[in-house]
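Structure at a glance
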Amino acid sequence: MEYTTLGKTGMTVSRICLGTMNFQFEKDGWQLGEEQVREIIDRAIDLGVTFFDTANVYRGGRSEEVLGKILADYDRDRIVLATKVYNSMDSDNPNAAGLSRKAIEQELAHSLDRLGMETIDLYQIHRWDDATPIAETLATLDDAVRRNQVRYIGASSMWAHQFADALHTSDRLGLERFVSMQNHYNMVYREEEREMLPLCEKKGIGVIPWSPLARGYLTRPHDAFDTTDRGQREAESRADRHEIYRANGGQEINERVQKLAADHDVSMAQIAVAWQLHQDPITAPIIGVSSVDQVEEAVEAVDISLSDDDLAYLAEPYGPVEISGHR
Ligand SMILES: NC(=O)c1ccc[n+]([C@@H]2O[C@H](COP(=O)([O-])OP(=O)(O)OC[C@H]3O[C@@H](n4cnc5c(N)ncnc54)[C@H](OP(=O)(O)O)[C@@H]3O)[C@@H](O)[C@H]2O)c1
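For the structure given in this document, a descriptive report is provided here. Here the residue numbers are simple positions, counted from 1 along each chain's written sequence. The model is predicted, so local features are restricted to residues of pLDDT at least 70 and side-chain atom pairs to those at 80 or more, both for listing and for counting; the totals for chains, interfaces and linings are taken over all residues. Side-chain calculation: all heavy atoms of the structure are included, whereas hydrogens and water are not.

A look at the overall build of the protein
A run of H or I in DSSP counts as a helix once it spans at least four residues, and a run of E counts as a strand once it spans at least two, with each numbered from the N terminus. The helix and strand tally for the protein stands at twelve helices and ten strands. What you see for the protein is a C-alpha radius of gyration of 19 Å, in line with the 20 Å of a compact globule of 327 residues. Here the term buried applies to any residue with accessible area under 20% of the maximum for its type, exposed to any over 50%, and partly exposed to those in between, with areas from a 1.4 Å probe on protein chains only. Looking at the protein residue by residue over its 327 residues, the buried ones come to 57%. Pairs of residues are marked as contacts when any of their non-hydrogen atoms sit within 4.5 Å. Put simply, of all contacts in the protein between residues at least 6 apart along the chain, 77% involve residues at least 24 apart. All accessible-area figures derive from a Shrake-Rupley calculation using a 1.4 Å probe, and residue coverage is judged against the displayed protein chains alone. As displayed, the protein offers around 13600 Å² of accessible surface, 44% of which is attributable to carbon and sulfur atoms. Charge assignment in this entry is limited to Lys and Arg as positive and Asp and Glu as negative, and neither His nor the chain termini are counted. Positions of charges follow a simple convention, taking NZ of Lys, CZ of Arg, CG of Asp or CD of Glu. Averaging the coordinates of the 34 positive side-chain charges in the protein and doing the same for the 56 negative ones gives two points 4 Å apart. Computation of the radius of gyration draws on C-alpha atoms alone. For the globule rule, the value is 2.2 Å times the number of residues to the power 0.38.

Considerations on the pattern of salt bridges
In the sections that follow, a salt bridge refers to a side-chain nitrogen of Lys or Arg positioned within 4 Å of a carboxyl oxygen of Asp or Glu. Within the structure shown, the criterion is met by 22 salt bridges. Three or more residues are tied together by salt bridges with common partners; here these are Glu34, Arg38, Lys69 and Asp73.

Points about the site of the ligand
Residues are classed as near a molecule or strand on a simple rule: at least one heavy atom within 4 Å of it. Taken together, the neighbourhood of the ligand is formed by 29 residues, with Asp53, Ser211, Leu213, Thr228 and Arg230 sitting nearest. For this analysis, a polar contact is any N or O atom pair within 3.5 Å, provided that within protein one partner can donate a hydrogen and the other can accept it, and provided that sequence-adjacent residues contribute only side-chain to side-chain pairs. Between the ligand and Gln182, the relevant distance is 3.0 Å, taken from a nitrogen atom to a side-chain nitrogen or oxygen of the residue. A distance of 2.7 Å is found between an oxygen atom of the ligand and a backbone nitrogen or oxygen belonging to Leu213. Elements with a contribution of two residues or more to the shell around the ligand: α7 (229-237), β10 (286-287) and α11 (292-301). Here the nonpolar group is Ala, Val, Leu, Ile, Met, Phe, Trp, Tyr, Cys and Pro; Asp, Glu, Lys and Arg are the charged ones; every other residue, Gly included, is treated as polar. The residue inventory of the shell around the ligand, partitioned by class, reads nine nonpolar, 13 polar and seven charged.

A closer look at the nonpolar core
Among the nonpolar cores identified, the biggest contains 86 residues, and Leu18, Ile41, Phe52, Leu71, Phe163, Phe178 and Leu218 are the most heavily contacted of them. Take this core: its biggest share by element is seven residues, from helix α10 (residues 268-277). Those residues in contact with Phe52 that sit more than four places away from it in its chain are Cys17, Leu18, Ile41, Ile45, Leu67, Leu71, Ile79, Val80, Leu81 and Ala82. Among buried residues, those of type Ala, Val, Leu, Ile, Met, Phe, Trp, Tyr and Cys that are joined through side-chain atoms within 4.5 Å constitute a nonpolar core. Counting twelve residues, the second-largest nonpolar core is a separate cluster that includes Leu6, Cys17, Ala82 and Val179.

Below, the structure is given as structure tokens:
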């Protein structure tokens, strides 16, 4: 495993972050049961992964619960735990969503409780909240840092102008500043290269992309996408996102990933992980896995070296696609 620091902070993270959106107690479709989750986390830690990402909203809080329960068997000081707030945790309660002081303080208390932890290493806003002034959100997060409930604050998918506004506001008011951006970015969705990634590089923000393997689209031939439990579910329920992945060069990119994987004698997923790690702004992709083998492949991919010609070959077919992730 390789390690790096997150943005301009001094906090060290593994270059593979493990995503936990599909972690819960009961098995349901492509989601994982507790035993599988435990095997995956044990193996990830064994291989040097220290960085884990969850959210209050994943499986209605069960992802935080199961992650906290399993990580309790490990030295907390060695783990970097990231979670998020914003999406609704109770459709009957408008104050169980968004980024107001009331919502954040309540949801932060619930997340700490589910995780069984005193402090969250990286607390991220999951989206931008049009209904709350960013100064209120930042002041609330700043207070959480002063109370030692949160160590660093981060943000997730939004427009670059909104993120620039947030950074400027925290600097102007002397409040804690977002140290990371968790955004939608992969070989077949590169719209973030236009504004967000240059902003992050200029401001020293750590970048931790979500769906770095395009939700599985980059891990198998495009005509076999729906051959797994998750792929089938994604093809039915997230057809819009998959149209974007296939659009404007996406199929050609998928075929080029197949070709390079064969040339390097590795899997397609490993080419997709290696591609992430060769992009300068990227700190650590947040990889989703559904088996121990997939964790092992992700970690092995840290050692894959892609040449400039390989990178140009993978990049060449890409054309602009519709914005996806924050609208
Ligand atoms: N901030 C946000 O708004 C946001 C949004 C989405 C996700 N996230 C975060 O990002 C994490 C990852 O998201 P994601 O699951 O969509 O990411 P992903 O890494 O793009 O896709 C994961 C899928 O790729 C396939 N895969 C992974 N390794 C493989 C391998 N070695 N061989 C074959 N297939 C492989 C698996 O598909 P199969 O299961 O089909 O085998 C797996 O479920 C989430 O867990 C969450 O923490 C954040």
